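Structural overview for review
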Amino acid sequence: MKLYIWILALLAAPITPVFGAGRQKIGGASVPRFYYDLGPSQIDVSAYPKVQQENYKVFAQTCSQCHTLARPINSPMISRRDWSRYIGRMTVNSKNAPVKPITKSERDSILSFLVYDAKIRKVDYRAKFTAQTASLKEQFAQFKKAHLRQEQKKNANRQSRSYFYSGPSPRPY
Ligand code: HEC
């Protein structure tokens, strides 16, 4: 009997969330946490300078370990100062998680890439990026509404199954 419980616990372990990032890979949760989680999760860098194409590879490998690349790619962040701060924060995250800690040289490549890329996609092509942002925000609002309805349904079911009388009518006996 005890062995049986252990086997069940081991089977359940991989689906237990490690910490609460939205649509993150660790734990396999697929619930988006930010509207930017819903956008494209890769960038066509074929027209970027060679050095930025190399930096993109570092970014893609390093920053997709916990959440998808959609999160940084579609976030509204642009300035070097903001990116630097967030890359620092992600480095702390990486030290507290079962992933490879982000190194100084990886941070430098990623910062260079994200600042260059933001200038192209978010500043030079601002209209396109603004339109995409509006559409992602709308999708996220829809998602949250559907999610809320689901939660309400679950709660309603729970209530009607309840042994104790908890609502107005009909009385369960
Ligand atoms: C160790 C896991 C992990 C790694 C690796 C990681 N992230 Fe994150 N990221 C998170 C978590 C958890 C959150 C949500 C909580 C937070 O903001 O710290 C997040 C949130 C974000 C956000 C949204 C922040 C906001 O509040 O708008 C951005 C942007 C982001 N990450 C970019 C990156 C970039 C760029 C990299 C690569 C340098 C990266 N992440 C690597 C775990 C990680």
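Residues numbered from 1 in each chain as written. Predicted model: local features only at pLDDT ≥ 70, side-chain atom pairs only at ≥ 80, totals over all residues.

Attention shifts here to the overall build of the protein chain. Helix and strand counts for the protein chain come out as six helices and zero strands. Along the protein chain, from the amino end to the carboxyl end, the secondary structure elements read α-α-α-α-α-α. Pairs at least 24 residues apart make up 66% of the contacts formed inside the protein chain by residues separated by at least 6 positions. (Helix = DSSP H or I, 4+ residues; strand = E, 2+ residues; numbered from the N terminus. Contact = placed C-beta atoms within 7 Å.)

For the rest of this paragraph, the subject is the packing of helix H4 (residues 80–95) against helix H5 (residues 104–124). Here H4 crosses H5 at 140 degrees, and the two axes come no closer than 10 Å. The interaxial crossing formed by H4 with H5 has right-handed handedness. On the side of H4, the interface is formed by Arg80, Trp83, Ser84, Ile87 and Thr91, while H5 contributes Arg107, Ile110, Leu111, Leu114 and Val115. Looking at the contact of H4 with H5 residue by residue, the classes come out as six nonpolar, two polar and two charged. (Axes fitted to C-alpha atoms, helices over the stretch in contact; angles between N-to-C directions. Left-handed = near helix turned anticlockwise from the far one by under 90°. Nonpolar A, V, L, I, M, F, W, Y, C, P; charged D, E, K, R; others polar.)

Time to look at the confidence of the model for the protein chain. On average, residues of the protein chain score 83 in pLDDT, and 73% of them are at 70 or above. Low pLDDT (under 50) marks residues 13–22, which in the prediction has 17 contacts with non-local residues, meaning those over four places away or in another chain. (pLDDT = per-residue confidence, 0-100.)

This part is about helix H2 (residues 50–62). Between its first and last C-alpha, H2 extends 19 Å over 13 residues, near the 18 Å set by a 1.5 Å rise per residue. Those residues of H2 lying buried are Asn55, Tyr56, Phe59 and Thr62. The buried residues of H2 occupy an angular sector of 140 degrees when the element is viewed end-on, so they sit on one face. The outward face of H2, more than 90 degrees from its buried face, is lined by the exposed residues Lys50 and Lys57. (Expected span 1.5 Å × (residues − 1). Buried ≥ 20, exposed ≤ 12 C-beta atoms within 10 Å, placed from the backbone. Arc of directions from axis to C-beta.)

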